[in-house]
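Examining the three-dimensional arrangement
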Amino acid sequence: MSALTDTATVSVRGLRVSSPTAELVHGVDLDIAPGERFGLIGESGSGKSLTAYALLGLLDEDLTATGEVAVTGVPGNVLDASESTMSRVRGRVASIVFQEPMTALNPLMKVGAQVAETLLWHGRADSRAMAHTAAVELLDQVRLPDPAHLAGQYPHQLSGGQRQRVVIAMALANDPALLVCDEPTTALDVTVQARVLQLISSLARARGSALLFISHDLAVVASVADRVAVMQHGRIVEQGPVQEVFTAPRHPYTRALIAASDLEAVDEHGRLGTVDSTHTGRTTRKRADQASAAPHDVLADDAPEQVFNAVPDGGHALLRIRDLRREYRGGRRVVHGLRGVSFDVREGQKLGIVGESGSGKSTLLRMVAALDRPTSGTVQLSGTDLAAAGRAELRRLRGDVSIVFQDPAASLDPRMPVSAIVAEPLRGLSRAETADRVREVIAAVGLPADAPRRYPHQFSGGQRQRISIARALVTRPQLLIADEPVSALDVSVRAQVLNLVADLADEYALTLLFISHDLGVVAHVCDTVLVLADGRIVEAGPTRQVLEHPRHQFTTELVAATPRLSDALAAHATPEEDR
Amino acid sequence: MTLTADPADTVAAPAARPRRRDRTFLTGAVLVGIVVAAALVSLVWTPYDPLPVHAQERLTGPAAGHLLGTDSYGRDVLSLLMYGARISLLVGFTAVLIATVLGVPTGVGAAMAGGRVEQVLMRATDVALAFPALLLTIVLGATFGAGTATAAIALGIGAAPSFARVARSGTLQVMSREYVTAARAANRGPLWIAARHVLPNIAGLVIVQSSVAFAIAVLSEAALSYLGYGTRPPTPSWGVMLQDGQGFLYEHPMLVVWPGLAIALTVLGLNLLGDGLRDWLDPRMEGGR
């Protein structure tokens, strides 16, 4: 247990952080009491990470910080402390867990050695042997399986969730008074996230460490923190106990943020509340509620040829996939991307595909878009077998399928103007026709008329995703595949883009294949859902039914692990020990 | 309080470049600029005609009329330097051009083709890399006659492998980006992807490599000329000036210092320019949120 007095663990007064060109944090005041769990919420550019880095002396060299920052165990103002003082503080009195565990760990050092290193450096262990024993025990405390064996492995041999646990073990090794977590679970799968959050929460409590938890995800913060502060544009706009702030928000931004991240709340037209909309009623007329004739099937062990979401032979099936398999051979190792997937997609259907990393979602996408060939199995698009199609036919078929990718920054060529990006899929049209089409889709996605002349870096993330959508629509496709289209966007922008996709799907009569790991998002846009795990479909059926009455174990786990604001707030009403 | 639909509607203007980097670029640009200016001016005017011999005025130090003195043939050193600048720049430019034309398509083609084609091309490049440029110059000189042109071509061929390497790794990076996947999904073939996506995005890398190769070419030309395999006297290049001045090292050291200084400052300028260009182009190439 850390020995603390009654004084606050963290005390910040008037913190200002500036870059050479602009002020990024405009005077932040906050206190964290010993053992308290404090959540900091904000979107990109809000200054939440900078505030946290200031506490540990981790600000970039070009940034200047003024104000008073007091952290227990550090004499005087942290901002004035020397690097040598801070290097003795970090890892012992205060630790930080970052978002991406792979970059936080030394790839050339065994995992056990890295944990042992932090013990040795801060004088908590006297010898290598002692440090190693203590390290293995720590790995056990973060609930890693077979810790003695795992200690001898390298970071790349572990999964993302396991790596993050190692980082947490390193952070808590010396019983710090303050643990800072900067989006620690954002890069992890949903089921892993739930477990890691619980781990952080319980370990911090057991050791009496104060916790500063930073995230953009309201539900996640609500499940971990007792008090919360909301930041916008470098200022704290609201602060208070979690229950209070989330159920009775006072600041308009907090209200808007809650509305935008609550994908349960839609207005009478079935549209999500966005940051700039005022929504009144809470009628749930989500797509998930619309009657879907799809059968609710679950993977049966003895039916290998099971076809999910089957469309009868006379019906209009846009896509028929039978026993699709994809193996990747790397030397002696074989990785199974897809292990026999069979399903249909009806014209006009909005099908969601849910799965975690490694489930085969991306592989499936590449098969359907004819970007890759399966090892075996068939993909039939509008009745034509893709494998048997000739080059010319394949080209024509590709024109019927469009993809919207996940990362708005990476999916647009930074050297091309928007007009060229959007027009890229168009062929065989005159210049005037091309320009007309471009203008049409740019307007359809709600971008300003001068957008075609500009370059991607001049747009925000949400706008870039709109450009991506415009590019997907320009060929007037029949099938639109959206690969995690809102995962990389800020919460407040997500709702806008989802509304846009839903509107366009209706307007252009698109068949939609919506891939996501986020059940809330899928429930909003799709009437039918397919659950993928480990290269197989495990369950499929109408969205509402599958999510409320999951039949397969994996789906049940997934639904249970998804953080929901309402659940998290309800949990706050229950006593501490039950959490 | 007003709520904006998109909190960060347009990305904030890029942060001001740290002044350290600006100075590198500026210094490099100034140095190179001086050399280029001297070369250009020499096309129309030099203080004295550098070619004819004036035996009477040999080896004067800085005297009235000759800012930097004269050499062993009575030629004005300043004029010789200016003429030499022309040669250095010409050789550098030709070498870089040849290297780019040979190396970049090889690298891009290898990366995009992959498999056996890539292996064959890159191993061939490795063989070329192992071949010393000096040897190549001698061989070419023996076959086609020694001179500035032969040296330039030999240096160009010698620099091509590094361009191929750089182009290949740049292309591999670009090919792994999502916008290339998007282009393939949009039905675009490899030629289009190479022309519209790969080349513009590796341009920065190639430019930086060019400035480095340019500097090496200038240095190599001087070395070759000094050794007698490059520019042939009486055509004055900086290397030839070194060769001439060598015999008078004790009595008139400045005859060697001036061309040496010219070479050093040119190479320094080109390297700084390359560094500055790389720093300037790098953040823009990233794109970012």
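In this text, all values refer to a predicted model and were calculated from it rather than measured experimentally.

Side note on the overall build of chain A
A tally of helices and strands in chain A yields 21 helices and 20 strands. Against the globule reference of 25 Å for 579 residues, chain A gives a C-alpha radius of gyration of 26 Å, in line with a compact fold. Seen along its three principal axes, the alpha-carbon backbone of chain A occupies a region of about 75 × 55 × 45 Å. When burial is assessed residue by residue, chain A has 55% of its 579 residues classed as buried. Considering only intrachain contacts with a sequence separation of at least 6, the fraction spanning at least 24 residues in chain A is 68%. Of the roughly 23,900 Å² of accessible surface on chain A, 49% is carried by carbon and sulfur atoms. When the 59 positive and 69 negative side-chain charges of chain A are each reduced to one mean point, those points stand 5 Å apart.

Looking at the packing of helix H2 (residues 77-113) of chain B against helix H7 (residues 190-227) of chain B
Residues and elements named next belong to chain B. Remark: H2 packs on H7, axes separated minimally by 8 Å, with the N-to-C direction vectors making an angle of 145 degrees. Judged by the sense of rotation from one axis to the other, the crossing of H2 with H7 is right-handed. Within the contact of H2 with H7, the residues separate by chemical class into 20 nonpolar, 4 polar and 1 charged.

Remarks on the environment of A:Ala194
Residue placement: A:Ala194 occurs in helix H8 (residues 190-207). For the pair A:Ala194 and A:Ser362, spaced 168 residues apart in sequence, the C-alpha separation works out to 23 Å.

Some words on the side chain of A:Gln193
Residues and elements named next belong to chain A. Structurally, Gln193 is set in helix H8. Taking the relative accessible area as the measure of exposure, Gln193 reaches 9% and is therefore buried. Non-local contacts of Gln193, meaning those with residues more than four positions away in its chain, are made with Thr185, Leu188, Val220 and Pro563.

Topic: the pairing of strand S12 (residues 333-346) of chain A
All names here are of chain A. Bridge analysis of strand S11 (residues 317-330) against S12 gives 11 bridges, and the strand direction is antiparallel. Pairing of Ala317 across the sheet is with Arg346, part of S12. The turn linking S11 back onto S12 is made up of 2 residues, and Gly331 within it adopts a positive phi angle of 70 degrees.

Reading guide: rules and limits
- Residues numbered from 1 in each chain as written.
- Chains lettered and ligands numbered in written order.
- Predicted model: local features only at pLDDT ≥ 70, side-chain atom pairs only at ≥ 80, totals over all residues.
- Heavy atoms only, no water.
- Helix = DSSP H or I, 4+ residues; strand = E, 2+ residues; numbered from the N terminus.
- Rg over C-alpha atoms; globule rule 2.2 N^0.38 Å.
- Buried < 20%, exposed > 50% of the residue type's maximum accessible area, 1.4 Å probe, protein only.
- Contact = heavy atoms within 4.5 Å.
- Areas by Shrake-Rupley, 256 points an atom, 1.4 Å probe, with all protein chains shown as cover.
- Lys, Arg positive; Asp, Glu negative; His and termini not counted.
- Charge placed at Lys NZ, Arg CZ, Asp CG, Glu CD.
- Axes fitted to C-alpha atoms, helices over the stretch in contact; angles between N-to-C directions.
- Left-handed = near helix turned anticlockwise from the far one by under 90°.
- Nonpolar A, V, L, I, M, F, W, Y, C, P; charged D, E, K, R; others polar.
- Pairing = 2+ DSSP bridges.

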